[in-house]
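Listed here are the chains, written in short residue letters.
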There are 2 protein chains.
Amino acid sequence: MPIELSVGQYNLVYNFLSFTIAVMGAATVFFWFGRNQVAPAYKTAMTITGLVTFIAFYHYFRIAESWDAAYTIADGAVQATGTPFNDAYRYVDWLLTVPLLLIELILVMRLPRAETVKTATRLGLLAALMIVLGYPGEVATDDATRWTFWVLSMIPFAWIVYELFIGLTNAVNKQPAEARGLVNAARYLTVGAWLFYPIVFLFPMLGLTGATAETFVQVGYSLADVVAKAVFGVLIYMIAMRKSEAEGYGPQPSGKTAKQGA
Amino acid sequence: MPIELSVGQYNLVYNFLSFTIAVMGAATVFFWFGRNQVAPAYKTAMTITGLVTFIAFYHYFRIAESWDAAYTIADGAVQATGTPFNDAYRYVDWLLTVPLLLIELILVMRLPRAETVKTATRLGLLAALMIVLGYPGEVATDDATRWTFWVLSMIPFAWIVYELFIGLTNAVNKQPAEARGLVNAARYLTVGAWLFYPIVFLFPMLGLTGATAETFVQVGYSLADVVAKAVFGVLIYMIAMRKSEAEGYGPQPSGKTAKQGA
């Protein structure tokens, strides 16, 4: 389990974990403040957008603490303390946040109620299934098990991508013109950022192991989470603001531009 | 008291405790934000729904700390530190949250005031009595005492089930059509999730002890609490939203879909 990290690698990961804690905490405050600026129809979407970064904030704090406990710097070198680095926090985080990310997208699109409940439930369950199926592969030590669960996990992943790109096309076309481009951007960002995870999962099977691979994985997961949760959340916030405005909501003290997004 | 846990079992429990902390914290924020979206008549129900998860958040934090203090990983194996794992936090939690769970259901149903006070008091006291009677059995070491208090505790449990299914039938039928299905779901969820607890209580008497049983108990209690408190709370929130809407509450800028639930 313990690997031979250089001091530079140890610090790079540590600083990226801290960076992510700061981003997630700041994003949470931003989204929850934004909640008061959007029309009532979009408040739940903003609540959930902030919940996602809040849950990630908590888990990155735990991950950083675990990283801290797993290694110590002595005599200018990184030494494993014997306490294993608990990377499973990531799976616990994803189990909660990935379904919520899809739900915030569905909510901000504001489909008819029956469709909202149906689509959010289906996508939420598929996302949870995708994470649950990934976990046994992640903790497995042999390649056969890793491959099996990678393939199993990619089935709900592919289904979600299909739903986002084909299933939601009609709903996207019904979005007001001001928000349509942003909704499309949110769809592409989701799939783009999410592709990072199954690729990283393949690393050990491709012979990419050791300190450099571990550093890349930790930094890469942190960046992917920042994009998939915080940047994605800013898009959700902008969509909610544009749609609120298009629906004539809110005090607009000087012209239509009063309440535009971030 | 200390048992021979494998590293996998230790981590599984640890990750589930952390998962539950995250769920309870996130749910609390969600319910307290939701409080501002429902009609005044349902605000107290939402306050209490969030209080339940907030109290659980606190206790799961304590339980995780106690789990952390009770075991340590050294040389790739889990070793008991000598500090006993304090599972009694669960009873302290239930003593507070179980009466509140019943009260939030009564409040969101919005019975006539006299009936609300009477039913909430009766169900709240029965729930507290159920927990108090369970505790001496939980800490007892002999099977006879465990059985005695299990039976005693099941009397208020059965009474509560009776009240939920027979006593509240009229009140459920008077709920607006939009919310009736959800209120029924909340009743079934309560009884379904609660059945887990007396069954787990029986484990030691059925010879189910040791590391596997302990892992199952901790993971199972965590999941049962997530369902009974957070998932149940989402139902309460949805009932409050639907009823607020049915009563014409709230700004609905464009159409009935304005205030859709999570």
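Residues numbered from 1 in each chain as written. Chains lettered and ligands numbered in written order. Predicted model: local features only at pLDDT ≥ 70, side-chain atom pairs only at ≥ 80, totals over all residues. Heavy atoms only, no water.

### Here's the deal with the side chain of N86(A)
Item 1. For N86(A), the location among the structural elements is in the loop between β2 (77-80) and α3 (89-109).
Item 2. Here N86(A) falls in the buried class, since its relative accessible area comes to 13%.
Item 3. For N86(A), the residues in contact, after removing those within four places along its chain, are S66(A), Y14(B) and N15(B). (Helix = DSSP H or I, 4+ residues; strand = E, 2+ residues; numbered from the N terminus. Buried < 20%, exposed > 50% of the residue type's maximum accessible area, 1.4 Å probe, protein only. Contact = heavy atoms within 4.5 Å.)

### Comments concerning helix α8 (residues 210-246) of chain B
Residues and elements named next belong to chain B.
Item 1. With 37 residues, α8 should reach 54 Å at 1.5 Å per residue; the first-to-last C-alpha distance of 52 Å fits that figure.
Item 2. The principal kink in α8, of about 30°, is found at V227.
Item 3. In terms of burial, α8 is largely enclosed, as 29 of its 37 residues are buried.
Item 4. Positive phi appears at G248, one or two residues downstream of α8, with a value of about 75°. (Expected span 1.5 Å × (residues − 1). Bend = angle between axes of the 7 residues up to and from the residue.)

### What to know about the pattern of salt bridges
Item 1. By the definition in use, this model includes 14 salt bridges over all chains.
Item 2. A salt bridge links R110(B) to E247(B), with the nearest nitrogen and oxygen atoms 2.9 Å apart. Of this pair, R110(B) sits in the loop between α3 (89-109) and α4 (113-139) while E247(B) sits in the segment after α8, and the two are 137 residues apart along the sequence.
Item 3. Among the residues examined, E247(B) registers a relative accessible area of 40% and is labelled partly exposed.
Item 4. In the salt-bridge network here, residues are joined through shared partners; they are D87(A), R90(A), D93(A), D225(A) and K229(A). (Salt bridge = Lys/Arg side-chain N within 4 Å of Asp/Glu carboxyl O.)

### Structural notes on the nonpolar core
Item 1. Judged by nonpolar contacts, the single largest core of 173 residues is most densely connected at I160(A), W194(A), W67(B), I160(B) and W194(B).
Item 2. Look past the residues within four positions of I160(A) in its chain and what remains in contact with it is L102(A), L123(A), L126(A), A127(A), M130(A) and W194(A). (Core = buried A, V, L, I, M, F, W, Y, C linked by side-chain atoms within 4.5 Å.)

### Considerations on the packing of aromatic side chains
Item 1. For the structure on display, the rule yields 41 aromatic pairs over all chains.
Item 2. Here F30(B) and F31(B) contribute two aromatic rings whose centre-to-centre distance is 5.9 Å and whose plane-to-plane angle is 70°, an arrangement assigned as edge-to-face.
Item 3. Among the residues examined, F30(B) registers a relative accessible area of 7% and is labelled buried.
Item 4. Looking at F31(B), the relative accessible area reads 0%, which means it is buried.
Item 5. Taken together, the ring pairs connect Y91(A), W94(A), Y135(A), F196(A), Y197(A), F203(A), F216(A) and Y221(A) into an aromatic cluster.
Item 6. A cation sits over an aromatic face here: R146(A) above F201(A), 4.5 Å from the ring centre. (Phe/Tyr/Trp six-rings, centres within 6.5 Å; stacked < 30°, edge-to-face > 60°. Lys NZ or Arg CZ within 6 Å of the ring centre and 35° of its normal.)

### Concerning the relation of the copies chain A and chain B
Item 1. Expressed as a screw transformation, the operator carrying chain A onto chain B has a rotation angle of 71° and an axial translation of 0.1 Å, and the superposed copies differ by an RMSD of 0.1 Å. Such values leave the two copies arranged in the relation of a five-fold axis. Closest approach to the rotation axis among the C-alpha atoms of chain A is made by N36(A), whose C-alpha sits 9.0 Å away. (Least-squares fit on C-alpha atoms with pLDDT ≥ 70 in both.)

### Section: the UniProt feature "transmembrane region" (unreviewed entry) in chain A
Item 1. UniProt records the feature "transmembrane region" (unreviewed entry) for residues 12-33, 45-61, 120-137, 149-173, 185-207 and 219-240 of chain A in the present numbering.
Item 2. Summarising residues 149-173 of chain A: 96% helix, 0% strand, and an end-to-end C-alpha distance of 36 Å. (UniProt positions renumbered as here; feature names shortened; annotations may be inferred.)

### Structural notes on the interface of chain A and chain B
Item 1. Counting residues at the interface gives 31 residues for chain A, matched by 27 residues for chain B.
Item 2. Of the roughly 2,600 Å² buried where chain A meets chain B, counting both sides, 61% is carbon and sulfur surface.
Item 3. Linking chain A with chain B are one salt bridge.
Item 4. At the surface where chain A touches chain B, the tally comes to seven residue pairs in polar contact (both at pLDDT 80 or more).
Item 5. Only α2 (43-70), α3 and α4 (113-139) of chain A provide two or more residues apiece to the side of chain A that touches chain B.
Item 6. Per-element tally for the side of chain A that touches chain B: the top contributor is α2(A), with 10 residues.
Item 7. In terms of residue class, the side of chain A that touches chain B is built from 19 nonpolar, six polar and six charged. (Buried area = accessible area lost by both parts, 1.4 Å probe. Polar contact = N/O pair within 3.5 Å; in protein donor to acceptor, adjacent residues only side chain to side chain. Nonpolar A, V, L, I, M, F, W, Y, C, P; charged D, E, K, R; others polar.)

### Some words on the pairing of β2(A)
All names here are of chain A.
Item 1. Relative to β2, strand β1 (residues 71-74) runs antiparallel, the two sharing four bridges. Residue pairing in the sheet places I73 in a bridge with V78 of β2.
Item 2. Connecting β1 to the next strand, β2, in antiparallel fashion are two residues, including D75 with a positive phi near 55°. (Pairing = 2+ DSSP bridges.)

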